[in-house]
Amino acid sequence: MAQQLIGFIGAGNMANSLAGGMIAKGIRPARIWMSDPSRDRLDEVAQLHRVHVTEDNLEVSRRVDVLVLAVKPQVMGDACAALREVIEERQPLIISIAAGVTVENLRHWLGDAPIVRCMPNTPALVQAGATGLYAADGVSEAQKDMASQILGAVGLTFWFEEEKELDAVTAVSGSGPAYFFLLMESLIDAAVSQGLPQATARQLVLQTAWGAAQLAITSEVGPDVLRQRVTSPGGTTAAALGVFEEAGFREQVQAAVAAARERSEELAD
């Protein structure tokens, strides 16, 4: 990222994670600016990361080459409108991590500017995220590279040619952690119902989930083959999977992801 200055409008959890990830990868804290209306939050950020902090969004916008919009979608319009004049004059790369806020929305509020829209997920908070990115017209390859490096500081990044594809990303990886949390929650409850202590059940389930994910990530074969390898004909795993299949587990997953995508499209509209 050469010596570009990077700014954040909003100093919440995701912005903190991105800043921490970049610093861990060698970006000097002096190159990062963060603004937020909460003085207490800014003091915490300054102590944690040693970055520049201010309550003035305009100050950040006037200083940086890359501006990450990390405020809640419902206040994005007001936050952007106040920055419009500075953005149109300085033309920093705009990176939005707000769900459901389209490029059209951002250009309506900010005017003409290079914009990258992103859909990160909550595991980014522990540098294990998966982020979908879309570059609007006018974004250079160098700017795309900057966006990749910033979001890549907290996990994997995936570029998409069509903005509407981010609705599918939202349904799969954006909402996806909750699907796995629901399975973990249900499996813990099932373990307790079988007589295991709550604390032990929780540890067993979370370690099993972590181990299964690590195995899938590091394996040269897909999850389908791994599932087959752990399923002996007529064994315990086969009995459990049979119940899932009879209940239409795969069809339910398809329907759930379709519902999430439909809702993402509705929110964008």
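So, a few notes on the structure that sits alongside this text. All of these numbers come straight from a predicted model, not from anything done at the bench.

Next up on the list: helix 7 (residues 141–152). With 12 residues, helix 7 ought to run about 16 Å at 1.5 Å a step, and its terminal C-alpha atoms sit 16 Å apart, in line with that. Of all the positions in helix 7, only Gln 143, Met 146, Ala 147, Ile 150 and Leu 151 are classed as buried. Take helix 7 and look down its axis: the buried residues cluster within an arc of 120°, on one side only. Turned more than 90 degrees off the buried face of helix 7, the exposed positions are Glu 141 and Ala 142.

Turning next to the sheet that holds strand 6 (residues 115–119). The 8 strands lie next to each other as 3-2-1-4-5-6-7-8, forming an open sheet whose pairing is mixed. Single-partner strands in this sheet number two, and they are strand 3 (52–54) and strand 8 (155–159). Between one strand axis and the next, the sheet turns through 20° on average, direction left out of account. Pairing geometry for strand 5 (residues 93–96) and strand 6, over 3 bridges, is parallel. Bridging across to strand 6, Ile 94 finds its partner in Ile 115. Contacts between helix 6 (residues 103–110) and the sheet are confined to strand 4 (66–69), strand 5, strand 6 and strand 7 (129–135), with strand 6 contributing the most and set at about 135° to the helix. The strands touched by helix 7 within the sheet are strand 1 (6–9), strand 4, strand 5, strand 6, strand 7 and strand 8, with strand 8 carrying the most contacts at an inclination of about 150°.

Now for the environment of Arg 63. Tracing the backbone through its elements, the reader meets Arg 63 in helix 3 (residues 57–63). Assessed through its relative accessible area of 40%, Arg 63 is described here as partly exposed. Spatially, the C-alpha atoms of Arg 63 and Ile 32 are 10.0 Å apart, while their sequence positions differ by 31 residues. Those residues in contact with Arg 63 that sit more than four places away from it in its chain are Leu 5, Trp 33 and Arg 90.

If you trace the backbone, Arg 41 turns up in helix 2 (residues 39–49). Considered as a pair, Arg 41 and Gln 214 are 173 residues apart in the sequence and their alpha carbons are 34 Å apart. Not counting residues within four places of it along the chain, the set of residues in contact with Arg 41 comprises Ala 11, Gly 12 and Asp 36.

Turning our attention to the packing of helix 9 (residues 176–193) against helix 10 (residues 198–218). Packing of helix 9 against helix 10 leaves a shortest axis separation of 9 Å and a crossing angle of 140°. In this view, helix 9 runs oblique relative to helix 10, as classed from their interaxial angle. Taken as a pair, helix 9 and helix 10 cross one another with a handedness that is right-handed. Contact with helix 9, carried on its side by Met 184, Leu 187, Ile 188, Ala 191 and Val 192, involves Gln 198, Ala 201, Arg 202, Val 205, Leu 206 and Ala 209 of helix 10 and no other residues of that element.

What follows is about the packing of helix 1 (residues 13–24) against helix 2. Packing of helix 1 against helix 2 leaves a shortest axis separation of 11 Å and a crossing angle of 15°. By the angle between their directions, the pair helix 1 and helix 2 is classed as roughly parallel. In this structure, helix 1 crosses over helix 2, and the sense of that crossing is right-handed. Here helix 1 contributes Asn 16, Ala 19, Gly 20 and Ile 23 to the contact with helix 2, which in turn contributes Val 45, Leu 48 and His 49. Looking at side-chain class alone, the contact of helix 1 with helix 2 contains 4 nonpolar, 3 polar and no charged residues.

So, on to the pairing of strand 6. Most of strand 6 is tucked away, with 5 of its 5 residues classed as buried. Residues Ile 115, Arg 117 and Met 119 point to one face of strand 6 and Val 116 and Cys 118 to the other, with burial holding for every one of them. For the crossover that starts at strand 5, traverses helix 6 and ends in the parallel strand 6, the hand is right-handed. Bridge analysis of strand 6 against strand 7 gives 4 bridges, and the strand direction is antiparallel.

Criteria and cut-off values
- Residues numbered from 1 in each chain as written.
- Predicted model: local features only at pLDDT ≥ 70, side-chain atom pairs only at ≥ 80, totals over all residues.
- Heavy atoms only, no water.
- Helix = DSSP H or I, 4+ residues; strand = E, 2+ residues; numbered from the N terminus.
- Expected span 1.5 Å × (residues − 1).
- Buried < 20%, exposed > 50% of the residue type's maximum accessible area, 1.4 Å probe, protein only.
- Arc of directions from axis to C-beta.
- Pairing = 2+ DSSP bridges.
- Axes fitted to C-alpha atoms, helices over the stretch in contact; angles between N-to-C directions.
- Contact = heavy atoms within 4.5 Å.
- Parallel < 35°, antiparallel > 145°, perpendicular 65-115°, else oblique.
- Left-handed = near helix turned anticlockwise from the far one by under 90°.
- Nonpolar A, V, L, I, M, F, W, Y, C, P; charged D, E, K, R; others polar.
- Right-handed = clockwise from strand over helix to strand, strands pointing away.

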